[in-house]
Structures are given as C-alpha cells and as structure tokens.
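Examining the three-dimensional arrangement
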Amino acid sequence: DTAVSQTPKYLVTQMGNDKSIKCEQNLGHDTMYWYKQDSKKFLKIMFSYNNKELIINETVPNRFSPKSPDKAHLNLHINSLELGDSAVYFCASSPTGGDGYTFGSGTRLTVV
Amino acid sequence: AQSVTQLDSQVPVFEEAPVELRCNYSSSVSVYLFWYVQYPNQGLQLLLKYLSGSTLVKGINGFEAEFNKSQTSFHLRKPSVHISDTAEYFCAVSETGDYKLSFGAGTTVTVRA
C-alpha cells in the first residue's frame with residue numbers, strides 16, 4: 001500500500017497546455033509538499049500545505065497553483081506550460097514539526 | 001535561513017570499499033538533519049535522520065552518520081559498499097519545528113566491481 005502516491009508518473013505535453021498532477025498520502029500526516037527536481041537533480045521546495053492551509057509558497061510563477069481539498073491530498077495545476085517547466089515533480093508529506101518527509105515516486109514532466 | 005553544502009559532487013568507489021559523503025550545513029538555530037538516497041528513476045528514500053540525542057545515527061542498508069555541531073557537519077559513511085549502493089545521495093536540513101527541508105546539490109556515488 002503506497003504511502004505517498006502521485007499520478008501520472010510520466011507526462012508529456014505541448015507548450016501552452018494546462019496540466020495537473022495529483023498526490024495522495026495515507027500516512028495521516030498533516031503537512032504536504034511539492035518539490036521540483038531540475039535536470040541537474042537539484043531539489044527545491046515549491047509549496048507546502050498544513051491541514052489544507054498554505055504555509056510555504058516559494059518564488060514560483062503564478063502559473064503554478066496548488067490545491068488541497070483535504071489533508072490527504074495535494075494537487076498541482078500548471079497553466080500555460082513552458083519548456084523550462086520540464087522537470088521531475090515530487091510530492092511529499094510529513095508529520096507536524098517536519099521531522100522527516102516521505103516522498104512520492106515523482107512525476108516526470110516533459111514539455112515539448 | 002538554513003543551507004546545505006555537499007562537498008563532493010561525484011564519488012567513485014570500488015565494491016567492498018568504505019565510502020564517506022561529506023555534508024556541511026549553515027543555520028543560526030538548532031536543526032534536524034537527514035540523508036536521502038535516490039536510485040535511478042526513483043523517488044527519495046530516507047536513509048537516516050538526526051533529531052536530537054546521540055550524535056551517531058544508524059540508518060538503513062548499513063549507513064551511519066555523525067552529527068558534529070562544532071563543525072556543522074553531518075557526514076555519511078558506509079564501511080563496505082555494494083554495487084546496489086550506486087545512487088544519488090542528498091543531505092538535507094530543516095530548522096527545528098520548521099517545515100521547510102533544504103537539500104544539498106547531491107553526491108553521485110558510483111560503485112564499481
């Protein structure tokens with residue numbers, strides 16, 4: 001039973017399209033995150049939600065919009081996709097206090 | 001704000017040899033420290049973490065790390081590596097009670113027979 005699951009695993013789309021990535025966790029954690037891993041494997045936080053409230057919002061283009069319908073789900077919607085959005089996007093969750101994340105397996109987004 | 005520096009971008013090592021991956025952090029407050037491993041085309045798996053207490057932390061797959069507050073370091077070690085340890089290793093830090101986890105740039109470990 002996967003603890004943090006993301007869908008889809010791979011996403012290939014054209015520039016200008018709008019796409020969503022879904023994430024669900026069954027660990028009972030209060031906090032969820034989106035991270036972006038670029039082509040050099042550098043990991044950078046994008047957003048974090050705690051009990052459905054946005055608590056971290058790094059400098060990310062406003063084409064990226066997270067949505068948390070409940071504390072077990074955190075989705076990422078991206079409008080007007082650009083070539084530079086190509087990356088691997090990881091969802092993660094943690095208990096309150098942030099003493100360690102559990103990551104999903106990632107979504108590899110390729111914009112052509 | 002916290003930051004992490006992984007001092008080696010690539011570490012080639014022969015099978016059954018020891019390996020050490022170096023990590024230094026910067027923070028003005030107390031921290032939690034983590035090592036994650038990423039196998040090719042997979043997500044990140046927690047190897048070990050330091051929250052408090054003993055400075056020597058043992059993790060999965062025979063890895064251990066030592067927290068050194070005076071040197072602000074958290075180096076990862078394994079006494080004898082296997083081919084299957086070939087992966088990307090990330091050191092990460094969060095300030096105590098903070099949610100934001102900051103990662104180092106990663107160290108690529110390649111184990112050769």
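Owing to the predicted nature of the structure, the values given are computational and were not obtained by experimental measurement. (Residues numbered from 1 in each chain as written. Chains lettered and ligands numbered in written order. Predicted model: local features only at pLDDT ≥ 70, side-chain atom pairs only at ≥ 80, totals over all residues. Heavy atoms only, no water.)

With respect to the overall build of chain B
Scanning chain B for helices and strands turns up zero helices and twelve strands. Secondary structure of chain B in N-to-C order comes out as β-β-β-β-β-β-β-β-β-β-β-β. Scaling as 2.2 N^0.38, a compact globule of 113 residues should have a C-alpha radius of gyration of about 13 Å, and chain B matches this with 13 Å. Dimensions along the principal axes, computed over C-alpha positions, put chain B at roughly 45 × 30 × 20 Å. When the 113 residues of chain B are sorted by exposure, 47% land in the buried category. Entry remark: accessible area of chain B is about 5300 Å², with carbon and sulfur atoms responsible for 49%. (Helix = DSSP H or I, 4+ residues; strand = E, 2+ residues; numbered from the N terminus. Rg over C-alpha atoms; globule rule 2.2 N^0.38 Å. Buried < 20%, exposed > 50% of the residue type's maximum accessible area, 1.4 Å probe, protein only. Areas by Shrake-Rupley, 256 points an atom, 1.4 Å probe, with all protein chains shown as cover.)

Description of the pattern of salt bridges
Counting across every chain of the model gives eleven salt bridges over all chains. The residue lysine 58 of chain B makes a salt bridge to glutamate 64 of chain B at a minimum N-O spacing of 2.8 Å. The exposure class assigned to lysine 58 of chain B is exposed, which follows from its relative accessible area of 62%. Two residues, glutamate 66 of chain B and arginine 77 of chain B, come together in a salt bridge whose shortest N-O distance is 3.8 Å. Taken together, the positions of glutamate 66 of chain B in strand β8 (residues 64–68) and arginine 77 of chain B in strand β9 (residues 73–78) put the pair eleven residues apart, joining distant regions of the chain. The class for glutamate 66 of chain B is partly exposed, based on a relative accessible area of 35%. Taken together, the salt bridges that share partners define one network made up of Lys44 and Glu58 of chain A together with Lys100 of chain B. (Salt bridge = Lys/Arg side-chain N within 4 Å of Asp/Glu carboxyl O.)

A few points about the interface of chain B and chain A
Across the contact, 21 residues belong to chain B and 25 residues belong to chain A. Across the chain B to chain A interface the summed buried area is about 1700 Å²; carbon plus sulfur atoms make up 57%. The largest contributions to the chain B side of the interface with chain A come from Leu44, Tyr99 and Phe103 of chain B, which together make up 37% of the buried area. Of the charged contacts, one joins glutamate 88 of chain B and lysine 41 of chain A as a salt bridge, the two residues approaching to 3.9 Å between their closest N and O atoms. One can count seven residue pairs in polar contact (both at pLDDT 80 or more) joining chain B with chain A. Secondary structure elements with two or more residues in the side of chain B that touches chain A: β5 (31–38), β6 (44–50) and β10 (87–95) of chain B. Ranked by residue count, the leading element in the side of chain B that touches chain A is β5 of chain B, at four residues. Among the residues forming the side of chain B that touches chain A, the class breakdown is ten nonpolar, seven polar and four charged. (Contact = heavy atoms within 4.5 Å. Buried area = accessible area lost by both parts, 1.4 Å probe. Polar contact = N/O pair within 3.5 Å; in protein donor to acceptor, adjacent residues only side chain to side chain. Nonpolar A, V, L, I, M, F, W, Y, C, P; charged D, E, K, R; others polar.)

Some words on the state of the cysteines
For the structure shown, the criterion picks out two disulfides over all chains. Put simply, cysteine 23 of chain A and cysteine 91 of chain A are joined by a disulfide, and their sulfur atoms are 1.9 Å apart. Taking the sign of the S-S torsion, -80 degrees for the link of cysteine 23 of chain A and cysteine 91 of chain A, the bridge is left-handed. Of the two residues, cysteine 23 of chain A sits in strand β3 (residues 19–25) while cysteine 91 of chain A sits in strand β9 (residues 87–94), which places them 68 residues apart along the sequence. Since its relative accessible area comes to 0%, cysteine 91 of chain A is described here as buried. Each sulfur of the disulfide joining cysteine 23 of chain B and cysteine 91 of chain B lies 2.0 Å from the other. With the S-S bond torsion at -70 degrees, the cross-link from cysteine 23 of chain B to cysteine 91 of chain B turns out left-handed. Here cysteine 23 of chain B, found in strand β4 (residues 23–26), pairs with cysteine 91 of chain B, found in strand β10; they are 68 residues apart in sequence, far enough to count as distant. The pair formed by cysteine 23 of chain B and cysteine 91 of chain B is uniform in burial state, with each residue classed as buried. (Disulfide = S-S within 2.5 Å.)

A short note on the pairing of β4 of chain B
All names here are of chain B. Side chains Cys23 and Tyr25 project from β4 onto a buried face, and the interleaved Asn24 and Ser26 project onto a face without burial. Pairing geometry for strand β1 (residues 3–6) and β4, over four bridges, is antiparallel. Note that in β4 the partner of valine 4 across the bridge is tyrosine 25. (Pairing = 2+ DSSP bridges.)

Digging into the nonpolar core
Here is a general trend for soluble globular proteins: nonpolar side chains tend to be buried in one another's company. Ranked by internal contacts, the top residues of the largest apolar core, which has 28 residues, are Trp35, Leu48, Phe74, Leu76 and Tyr89 of chain B. Excluding residues within four positions of it along the chain, tyrosine 89 of chain B makes contact with Gln6, Leu21, Trp35, Tyr36, Val37, Leu47, Phe63, Leu76, Gly106, Thr107 and Val109 of chain B. (Core = buried A, V, L, I, M, F, W, Y, C linked by side-chain atoms within 4.5 Å.)

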